Amino acid sequence: MLRMILSRALFSVATVVGVGLVLFLLTRSMGDSPASIVLGADATLEEIAAFEVRHGLDRPILVQYGDWLARLVLNTDLGTSFVTGRQAGDEVSRGLLVTMELVVLAFVFALAVAIPFGVLAALHRGRWIDQISRIIAVMGLSIPGFWLGLLLIRFMSLELGWLPPGGFVALSESITGNLRTMILPAFALGVYQIAVISRMMRSSMLDVLSADHVRTARAMGLPGYKVLLYALRNALGPVVSVAALSFGYTFGWALIIEQIFSIPGLSRSLLTAISQRDFVLVQAVVFVFTLTFILCNLAADLLNVALNPRLRGASA
Amino acid sequence: MMHMTAKPERAPLLSIRGLGISFPSIYGRVEAVRGLDLDVGEGEIVGLVGESGSGKSLTSLAVMGLVAQPGRVEAGEIRLAGRDIVGLSPKELREMRGRDVSMVFQEPLTALNPAFPIGRQLTDVILTHRPVSRAEAREIAVQALTDVGIREPRERLGAYPHEFSGGMRQRVLIATAIACEPKLLIADEPTTALDVTVQAQIIDLLRRLQAERGLSILLISHNLHLVSELCERVVVMYGGQVMESGSAEELFLRPRHPYSRLLQDCVPSLDNPRNSRLAAIPGAAPSPGEISAGCPFAPRCARATDRCTQEMPPLAQAGAHKVACWHPLSEAVAC
Amino acid sequence: MSVQADKAPRRSLGSFIASQIELVGGWSAALGALLIIVICLAALLAPWVAPFDPVATDFRARLKPPSWAHWMGTDQAGRDIMSRLIWGARASLKVSFGAAVIGTLLGVSLGLAAARFRGGIVDNLIMRTVDAIASIPLLIWAIAVIGTIGPVPIVLGPITLQNEDKLLMLIGVLYLPMMTRVTYTVASAEKMADYVKARVLQGVSQGRIMLGDVLPNCLSPIIVQVTFLIAVGLIVEAAVSFIGLGVQPPRPSWGTMLADARPYILGPEWWLSFFPGLVISLTVIGFNLLGDGLREAADPRRMAHGA
């Protein structure tokens, strides 16, 4: 089993490095030259050349990448922006905390709703609670989260005035204030996950409930709640995988939601960086997003193995 | 094979009278089991024989109270140790399962939960039915595993099902079934999914359990060899009804029902001449929707008359067995 | 052939409809299919169906609520919302369908190739690369790449690539992993089937077997996956256009219309954000329902439920 974990982790690391390279190539080749940004449009060729030498931009791309990577790993230095002059790492970590909070809140909310819903739908298959959960699932999958966000703002803030239409209050300032600003965005972000997770929970539960070992458990006279717990344990495997994956996806959608609710997370950093043609920052943000995503995928794999003893290797 | 001497007149451990089980099909509600009578005495091994679709598995599920919707027990009584279990509440049925009567199924590979160690599955069952502590339950579990012949049982409590071979998994299942010392064990095709050599071991195990614990066993199988090895009495089912029942020796040497006779013939034997054709019973087993008022075997029976198709013969004493046939084979005919 | 060929029985309309409904997998799937057909038809027939010119501005008629003249109201430049939605369907559907086509063509080819050479270097190479692509968060990369390149048209000789074309291709590539995985899994399983062995015994080459015999049997799950991909693509396009990196103005798309509505979100002009979002949702619901139905219909387990 250790071998499997190591090989998966190794593959993830390789992917991160490879993807980082693609990203690097992309920003370096597609983006505007930093020299012209900093020095201005009427810089002479000599000035540009000198600038490039000074910042090591004339070296082969792979060398530059290696250097960037080394700095990242050894100093956790994501580079310095040519546009703002500030450390990319600072900007990213500030935004990351906020985005993290949003994504985690949405995830927890989604789990809290989706798992019971899915289990109930499986237990009462075909009856009203199942029908309702199916309708909610289809709607959750189909209604764009950001449109839902817009509608919520309109309804909750404008019509009912219960919650603020946007903005952000840091946790350090006020917990209730923070939660009040987070409720709507977390909800909008979580609805999709509810749909995905509850469907998986339902289908996985149905599979397990019709399995032989559940029949055995009943035949041995185990009480209903115990049979259910056993079944749940078996059914959670695929659900956890799906949940971890959707957690990773949510980071992308958080981008849009943050824009709607004016939350100063990573999305603001990214979009500002794009509009300012600040490619060091773009690269830093996208790299962090990608890294998080890959880590979530890895976690999903590992959880899968942990929950399914059969995948652990040696067997009779 | 053991001779059946007259047993003292004690009520049998399991006594089924007039059992009827129905479930819906495209033909409407059909009776998969009709008017079934069956007895299993204390410490007795009884074989229930029949083709797929004969209703034998459904019968066993009924004894466990596990006939699942949309199936339904329509009629009859099932007395286990004197108590009629047909009318029991779900709670009482659940208490009964595992404690008074247990069942092992055909597929040991999938019958155990793959996510939990076997020790946990064993102790959970024990704790459900007996007021013991967790530590005591573990001891009982170890004892049960020893009884079924699992080596190093204490160490293996933490092992997962996939770490065991098919035969050992079946032993573990049997251990789980007898851990709470039920009086009756129902084994539905317990060896069908196993190697022939392993089959023999399981048979030995069952025989041993009967001898050591006085366990009654209802063995359900379509494998006549198996049944003849292990069972003292045999009941032959067809189309949801009992065709013949009697001691194993009598039934196999001198079958009275045409179906029983043909079943025997179907089993190829090393004694048959080399080029003889494989005997087969013409026609096919009836699907539940096709059951009519008369004897279910009539369409395929060479001896059938009009009366056979119109009227179901009752299960009546004929010599040493009971036969449900208007024209049973004579006693003189031996196999 | 029947002797009575000239008297072929005519099926009633009712039984025809019933058989079509069963084909897609039930009532909800049929509803989904209907939604899709209606919207696609509207998009195709836009020049004839849309009552107004989607880009013609008319500042006297700006921000008018829904009325008999403008069923869904007008936007801030006086453009009819419904017409813009109908025309916008073209852009949005083009992106999602196009991406699905690219993803499917590439993905299925790679999946078949990997299955054909299963266990060898080619297999490993393909699947590892695909896994690596799968590690890329779709939305973020779409935004970053287009943001970096710049949302301007690229001219390659006689072909002009609009921004949405770039988006289309990008999403298509990022769809690759899903299609490859599905194809690979199904094709590998089918490879073990007896009919494949029979073909090998007949002396047919592996390549032909893959294309001619295995592929048709893989189509079910592939088609199901495609419907879901289109559904996702619609939302992705809307999201990317929403932040301005997708379809560029003045061309309408559902996403840009939502972007236009943003400044008015807290004002009384509810129709600006409501209708575009509604149309997106309905279309996506349609694809999801259809995909669900197709999946149920193709699932062999379904037949076991009758037992």
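Keep in mind it's a predicted model, so treat the numbers as computed, not measured.

1. Digging into the overall build of chain C
At step 1: From N to C terminus, chain C includes 12 helices and 2 strands.
At step 2: Each of the three principal axes of chain C carries a C-alpha extent, and together these read 75 × 60 × 40 Å.
At step 3: For chain C, buried positions account for 46% of its 307 residues.
At step 4: Sequence-distant contacts, at least 24 apart, represent 70% of the contacts inside chain C between residues at least 6 apart.

2. A few points about the interface of chain A and chain B
At step 1: Each partner contributes to the interface: chain A provides 18 residues, whereas chain B provides 27 residues.
At step 2: Contributing elements (two or more residues each) for the side of chain A that touches chain B: α9 (212–219) and α10 (224–261) of chain A.
At step 3: Per-element tally for the side of chain A that touches chain B: the top contributor is α9 of chain A, with 5 residues.
At step 4: Split by residue class, the side of chain A that touches chain B holds 8 nonpolar, 5 polar and 5 charged.

3. A word on the sheet that holds strand β2 (residues 28–40) of chain B
Adjacent strands of a sheet form backbone hydrogen bonds with each other and so pair up, either parallel or antiparallel.
Residue and element names in this part refer to chain B.
At step 1: Spatially, 4 strands are ordered β2-β1-β4-β5 in an open sheet, and the strand pairing comes out antiparallel. Looking at which strands have only one partner, the edges of the open sheet turn out to be β2 and β5 (83–84).
At step 2: Relative to β2, strand β1 (residues 14–25) runs antiparallel, the two sharing 9 bridges. Within β2, the residue paired with Leu19 across the bridge is Leu36.
At step 3: Docked against the sheet, helix α1 (residues 56–64) engages β1, β2 and β4 (72–80), running at close to 110° with respect to β1.

4. Quick look at helix α7 (residues 166–178) of chain B
Residues and elements named next belong to chain B.
At step 1: For α7, with 13 residues, the first-to-last C-alpha span of 19 Å sits near the 18 Å given by 1.5 Å per residue.
At step 2: For α7, the buried fraction is high: 11 of the 13 residues fall into the buried class.
At step 3: If you check which residues of α7 are buried, you get Gly167, Met168, Arg169, Gln170, Arg171, Val172, Leu173, Ile174, Ala175, Thr176 and Ala177.
At step 4: Structurally, α7 contributes buried residues whose contacts are with β6 (101–104), α3 (108–111), α4 (118–129), α5 (134–147), β7 (184–188) and α8 (196–213).

5. With respect to the pairing of β4 of chain B
Residues and elements named next belong to chain B.
At step 1: Here β1 pairs with β4 via 7 bridges, running antiparallel. Bridging across to β4, Leu14 finds its partner in Leu80.
At step 2: Of the strand pairs in this sheet, β4 and β5 are connected by 2 bridges, and their pairing is antiparallel. Bridge pairing links Leu80 to Arg83 in β5.
At step 3: Hairpin remark: β4 followed by β5, antiparallel, with 2 residues in the connecting loop; positive phi at Ala81, about 50°.

6. A short note on the sheet that holds strand β3 (residues 45–49) of chain B
Residues and elements named next belong to chain B.
At step 1: Here we have 8 strands laid out as an open sheet, ordered β6-β7-β8-β3-β9-β10-β12-β11, and mixed in their pairing. Pairing within the sheet leaves two strands with one partner each, and these edge strands are β6 and β11 (316–318). Averaged over all neighbouring strand pairs, the angle between strand axes comes to 20°, with direction disregarded.
At step 2: Sheet strands in contact with α1 are β3, β6, β7, β8 (216–221) and β9 (233–238), and its direction is about 150° off that of β7.
At step 3: Contacting β6 and β7, α7 runs over the sheet at an angle of about 170° to β6.

7. Examining the arrangement of the chains
At step 1: Among the 2 pairs of chains in contact, the pair with the most contacts is chains A and C.
At step 2: These two, chain B and chain C, are apart from each other, with no contact and a minimum C-alpha gap of 9 Å.

Rules used in this analysis
Residues numbered from 1 in each chain as written. Chains lettered and ligands numbered in written order. Predicted model: local features only at pLDDT ≥ 70, side-chain atom pairs only at ≥ 80, totals over all residues. Helix = DSSP H or I, 4+ residues; strand = E, 2+ residues; numbered from the N terminus. Buried ≥ 20, exposed ≤ 12 C-beta atoms within 10 Å, placed from the backbone. Contact = placed C-beta atoms within 7 Å. Nonpolar A, V, L, I, M, F, W, Y, C, P; charged D, E, K, R; others polar. Pairing = 2+ DSSP bridges. Axes fitted to C-alpha atoms, helices over the stretch in contact; angles between N-to-C directions. Expected span 1.5 Å × (residues − 1).

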